[in-house]
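# An overview of the molecular structure
For reference, the chains in residue letters:
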Amino acid sequence: MGTNVETRLLGRDVSFTVAEPWLAYWLVILRVTVGWWMLHAGLDKFLAWPFDASWFVGGAAAGTTLGPVVTLFSEGAALSFVNIMVPLGQTLIGLGLVLGALTRLASFFGAMLMTFFYFINGETGGWAHGLVTGELLGLLLFAMFATLGAGRVLGVDAYLAEMDLFKDNARLQWLIG
Amino acid sequence: MSELNTADKIAAYGGGGLVVLGVFVIGLLEMFLGSTHPVSGEGQIEHEALIPLEVRSGIILLGLLIWAAYAVYKVVATTPATDAGRTV
């Protein structure tokens, strides 16, 4: 069983067979698991409210590569914005992946969040656990979901794709899938 | 279009079902009915979980074992001479 994939990569012909049900299966398993990872992180912060990210954006981030950007959000209204957007973002990213809704949009922001976590946690820890960390793997998984349009497998995006709103707008189609 | 056979289905639904049950379904239950964060960052138990963590991790382990058993089965059950043209 399977579908033959034929393409070119790095200037070479590539041909391999993929079993369709297993491809669909793993997209869903990974999407739901990573989705719950994010959803749990977001809901956990809401249930233990108030959430204060100042130790991260003001403390840990200072002196790191992304520090000049992140520390701009370490005080006042900008910090209040981060304190809401981190748990809200994690919750929405998680919901998007679990439900397969606006999967590419959710994956984009998931990868963005992981970029901050990866560099700031890695650099403050002196990369003591190596360069390949959970944050990097999470980032790559988000990129894979966005690339493959994982929300079309048992996800809300399969229904959204049939709606005229998305059918008639090529730009909106990049947000689902 | 291809479909899963019986062994495939046992691995897919049995293994995957247990992993999703342990990670996601029980996690959701804990979030709303039990303890969202039963263990602190230092490993201290802070709240009693609705479903003991040993049971939850055991469910996930069982799912992983089913996947592993399926992987071994696929290798063992494949006859080199007749299944040389495998596609998976």
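Please read these numbers as outputs of a predicted model, since none were measured by experiment.

## Overview of the UniProt feature "transmembrane region" (unreviewed entry) in chain A
Residue and element names in this part refer to chain A. Here the UniProt-annotated "transmembrane region" (unreviewed entry) positions come out as residues 23-43, 55-73, 93-120 and 132-154. In the segment residues 55-73, helix accounts for 53% and strand for 0%; the C-alpha atoms at its two ends are 11 Å apart. Span residues 132-154 is 65% helix and 0% strand, its end C-alpha atoms 30 Å apart.

## Overview of helix α2 (residues 53-77) of chain B
Taking 1.5 Å per residue as the helical rise, α2 of chain B with its 25 residues ought to reach 36 Å, and the 35 Å between its terminal C-alpha atoms agrees with that figure. When α2 of chain B is considered as a whole, its buried residues turn out to be Arg 56, Ile 59, Gly 63, Trp 67 and Tyr 70 of chain B. The secondary structure elements touched by the buried residues of α2 of chain B are α1 (20-47) of chain A together with α1 (6-33) of chain B.

## Things to note about the packing of aromatic side chains
Taken as a whole and assessed by the stated rule, the structure comprises twelve aromatic pairs over all chains. Both rings, one in Tyr 25 of chain A and one in Trp 26 of chain A, keep their centres 5.3 Å apart while their planes meet at 85°; by these two values the pair is edge-to-face. Under the relative-accessibility criterion, Trp 26 of chain A is labelled partly exposed at 35%. Ring centres 5.6 Å apart and planes at 70° place the aromatic pair Trp 36 of chain A and Phe 24 of chain B in the edge-to-face group. Of this pair, Trp 36 of chain A sits in helix α1 while Phe 24 of chain B sits in helix α1, each in a different chain. Under the relative-accessibility criterion, Trp 36 of chain A is labelled buried at 4%.

## Points about the interface of chain B and chain A
Contact residues are listed per partner, giving 23 residues for chain B and 19 residues for chain A. A combined buried area of about 1,800 Å² lies between chain B and chain A, and 73% of that area is made up of carbon and sulfur atoms. At the junction of chain B with chain A, the criterion picks out zero salt bridges. On the surface where chain B and chain A come into contact, there are four residue pairs in polar contact (both at pLDDT 80 or more). Going through the elements one at a time, α1 and α2 of chain B are the ones with two or more residues in the side of chain B that touches chain A. The class makeup of the residues in the side of chain B that touches chain A is 13 nonpolar, seven polar and three charged.

## Observations concerning the UniProt feature "transmembrane region" (unreviewed entry) in chain B
All names here are of chain B. The sites that carry the UniProt feature "transmembrane region" (unreviewed entry) are, in the present numbering, residues 12-33 and 53-73. Spanning residues 12-33, this segment combines 100% helix with 0% strand, and its end C-alpha atoms are found 29 Å apart. Helix makes up 100% of residues 53-73 and strand 0%, whereas the separation of the span's terminal C-alpha atoms amounts to 30 Å.

## What about the pattern of salt bridges?
For the structure on display, the rule yields two salt bridges over all chains. The salt bridge involving Lys 167 of chain A is made with Glu 162 of chain A; its shortest N-O contact spans 3.7 Å.

## Digging into the nonpolar core
Membership of the largest hydrophobic core comes to 44 residues, with the highest contact counts inside it found for Trp 22 and Phe 142 of chain A. For this core, the secondary structure elements donating two or more residues are α1, α2 (54-60), α4 (76-99), α5 (103-124) and α6 (134-148) of chain A together with α1 and α2 of chain B. Broken down by element, this core gets its largest block of residues, eleven residues, from α1 of chain A.

## Focus: the side chain of Arg 31 of chain A
Residue and element names in this part refer to chain A. Counting through the fold element by element, Arg 31 comes out in helix α1. Buried Arg 31, no salt bridge; nearest opposite-charge side chain is Asp 157, N-O distance 7.1 Å. The residues touching Arg 31, leaving out its near neighbours within four places in the chain, are Leu 97, Val 98, Leu 99, Gly 100, Thr 103, Phe 145, Ala 150, Gly 151, Val 153, Leu 154 and Gly 155.

What counts and how
- Residues numbered from 1 in each chain as written.
- Chains lettered and ligands numbered in written order.
- Predicted model: local features only at pLDDT ≥ 70, side-chain atom pairs only at ≥ 80, totals over all residues.
- Heavy atoms only, no water.
- UniProt positions renumbered as here; feature names shortened; annotations may be inferred.
- Helix = DSSP H or I, 4+ residues; strand = E, 2+ residues; numbered from the N terminus.
- Expected span 1.5 Å × (residues − 1).
- Buried < 20%, exposed > 50% of the residue type's maximum accessible area, 1.4 Å probe, protein only.
- Contact = heavy atoms within 4.5 Å.
- Phe/Tyr/Trp six-rings, centres within 6.5 Å; stacked < 30°, edge-to-face > 60°.
- Buried area = accessible area lost by both parts, 1.4 Å probe.
- Salt bridge = Lys/Arg side-chain N within 4 Å of Asp/Glu carboxyl O.
- Polar contact = N/O pair within 3.5 Å; in protein donor to acceptor, adjacent residues only side chain to side chain.
- Nonpolar A, V, L, I, M, F, W, Y, C, P; charged D, E, K, R; others polar.
- Core = buried A, V, L, I, M, F, W, Y, C linked by side-chain atoms within 4.5 Å.
- Lys, Arg positive; Asp, Glu negative; His and termini not counted.

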